[in-house]
Amino acid sequence: MVLVTVENIYKAKMLLKGVADTTPLMFNANLSDHYSCQLWLKREDLQVVRSYKIRGAYNKMAGLTEDQRSKGVVCASAGNHAQGVAFACRKMKVHGVIFMPSVTPSQKVKKVKLFGKEYVDVRLVGDTFDEANTEARRMCEEQGMTFVHPFDDERVIEGQGTVGLEILESCKEPIDYVFVAVGGGGLLSGLGSYFNQISPQTKVIGVEPSGAAALHAALQAGEVVTLEKIDNFVDGAAVQRVGQITFPIAQKVMDDLVLVPEGKVCTTILQLYNEEGIVVEPAGALTIAALDQYAEQIKGKNVVCVLSGSNNDITRTEEIKERSLLFEGLKHYFIIRFPQRAGALRDFLNKVLGPNDDITHFEYTKKHNRESGPALVGIQMEKKEDYDALLQRMEDNHINYQPLNNSRMLFDLLI
């Protein structure tokens, strides 16, 4: 596959004037100090639809004929692409039908309707992007509408490539590393194509969520493969299959691929909010979350991280906190069999719980008259190093317990 051309990326940039914002490339002093580098953030979270997706969606639709526009467009998306298509539909006065997974955060669904107004019809289908995509494809075939793919389309890739164009136009320094979030591969392919041709010395690093590592699987297999099951938490980058067009481009333009656990993404979301005042969605935090794995390589280097989006749902805050605590080893769940006698819980609190430990979850129901009864207990600690001491005190006091954090099936059932 030949890379998308610099000329076509420039053409996309011209089409996007007055539609997509030229987002700022902002130097970040705190992250630069922490990693001993010069680090800039490409703030696509500040885009008109709060993600870069408007670029590819609008560029694709701008290339349609009048006949194609009159028949309408269809897309499938976990949220950000849907908002881009909805915005373009209203701007061009084109009817659009947008299929979204039923698990899409409500905030994103509402935003799609807000951007599209009367020009869009939103349909929630399936649990994953791929299931929604299947239904969208079926509608296109049945009604002769145009499918606007979120990533596997040359004009979409060219639109996303304008992110790379803007980075190189904005940064006065030669860029050593650029970190890019990967879902289906559209942004990576577009930005990577531009860097490959204009700044080939820059290392392009793709970043995928560990629970939806479709590109990683494709690279291992040497061809595009479909993952049977994915973790949808990083919804803006959670696909079961990367694109047939994007995959060979990614192979050519990407220097490395980093996988980031979802818990690390959550920790990064909280850090960006608490320390920088930046609100990002899980996919938007991927590139920052990957930096720890590249800490040695980027010392003294010029680094750019693309913050791909900020369409986060505030109702997810507790889940984000919980996943972060679990990943950092600061929260642990146990099934504990307490003796059914007065004072058993008091003894546990006095003899087992550490001075900085806190019980944050407790479920106990006496169902029978046996000598002991199980309780589900969640304990949060100040430092992860306190965990071993907690286990030792349980052993010393002959507590009958079972840790749950690493028992995935039990954990998901009970927590």
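Anything mentioned here points back to the structure above.
Residues numbered from 1 in each chain as written. Predicted model: local features only at pLDDT ≥ 70, side-chain atom pairs only at ≥ 80, totals over all residues. Heavy atoms only, no water.

**Student:** Would you mind going over the sheet that holds strand E6 (residues 146-147) in detail, with residue names and values included?
**Tutor:** On the basis of which strands lie adjacent, the open sheet formed by four strands has the order E5-E4-E3-E6 and parallel pairing. Edge positions in the open sheet fall to strand E5 (120-124) and E6, since each of these has one partner strand only. Here strand E4 (residues 96-100) runs beside E5; their pairing, made up of five bridges, is parallel. The residue bridging Gly96 from the neighbouring strand is Val120, located in E5. This element, helix H7 (residues 129-143), spans strand E3 (73-76), E4, E5 and E6 of the sheet and lies at about 165° to E3. (Pairing = 2+ DSSP bridges. Helix = DSSP H or I, 4+ residues; strand = E, 2+ residues; numbered from the N terminus. Contact = heavy atoms within 4.5 Å. Axes fitted to C-alpha atoms, helices over the stretch in contact; angles between N-to-C directions.)

**Student:** Can you break down the side chain of Ser77 residue by residue, with the values?
**Tutor:** Position of Ser77 among the secondary structure elements: in the loop between E3 and helix H5 (80-92). Look at Ser77 and you get buried, because its relative accessible area is 3%. Of note is the side chain of Ser77, whose polar atom sits 2.8 Å from the backbone nitrogen of Gly79. Of note is the side chain of Ser77, whose polar atom sits 2.9 Å from the backbone nitrogen of Ala82. Non-local contacts of Ser77, meaning those with residues more than four positions away in its chain, are made with Ala82, Phe99, Met100, Pro101 and Phe129. (Buried < 20%, exposed > 50% of the residue type's maximum accessible area, 1.4 Å probe, protein only. Polar contact = N/O pair within 3.5 Å; in protein donor to acceptor, adjacent residues only side chain to side chain.)

**Student:** Give a detailed account of the sheet that holds strand E7 (residues 177-181), specifying residues and quantitative values.
**Tutor:** Strand order in this open sheet of six strands is E1-E2-E10-E7-E8-E9, and the pairing throughout is mixed. Edge positions in the open sheet fall to strand E1 (25-27) and strand E9 (256-260), since each of these has one partner strand only. Averaged over all pairs of adjacent strands, the angle between their axes in this sheet comes to 25°, without regard to strand direction. One ladder, built from three bridges, connects E7 with strand E10 (residues 302-307); its direction is parallel. Across the sheet, residue Tyr177 finds its bridge partner in E10, namely Val303. Contacts from helix H9 (residues 186-198) reach E7, strand E8 (203-209) and E10 within the one sheet, and its direction differs from that of E7 by about 160°.

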